[in-house]
Amino acid sequence: MAYPVKTPAAPDPAPAPITPDWVAVYYTPETPANLPQAPQAPGLDALEQMYAYYEA
């Protein structure tokens, strides 16, 4: 048999969210990294076009 609590604990006024933070981050859609074709921009050399591909 349990003893009664002398001073009951007050409920938390701001409870934690039901889902943790990683769930929102994991299921947030992102732009696809595997684009079928690099973005074509006039005046870019091969290196700049490669960076444009990964920044798109």
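Each remark here, short or long, concerns the structure printed above.
No experiment lies behind these values; they were computed from the predicted model shown. (Residues numbered from 1 in each chain as written. Predicted model: local features only at pLDDT ≥ 70, side-chain atom pairs only at ≥ 80, totals over all residues. Heavy atoms only, no water.)

1. Details of the overall build of the protein chain
In step 1: Scanning the protein chain for helices and strands turns up two helices and zero strands.
In step 2: A total of 56 residues make up the protein chain; the buried ones form 2% of that total.
In step 3: In the structure as shown, the protein chain presents an accessible area of about 5800 Å², 65% of it carried by carbon and sulfur atoms. (Helix = DSSP H or I, 4+ residues; strand = E, 2+ residues; numbered from the N terminus. Buried < 20%, exposed > 50% of the residue type's maximum accessible area, 1.4 Å probe, protein only. Areas by Shrake-Rupley, 256 points an atom, 1.4 Å probe, with all protein chains shown as cover.)

2. Concerning a nonpolar patch on the surface
In step 1: On the surface, Leu47, Met50, Tyr51 and Tyr54 cluster together into a nonpolar patch covering about 470 Å² of accessible area.
In step 2: Counting through the fold element by element, Leu47 comes out in helix α2 (residues 46-55). (Patch = residues over 30% accessible without salt bridge, like charges linked within 9 Å, V, L, I, M, F, W, Y side chains within 5 Å. Salt bridge = Lys/Arg side-chain N within 4 Å of Asp/Glu carboxyl O.)

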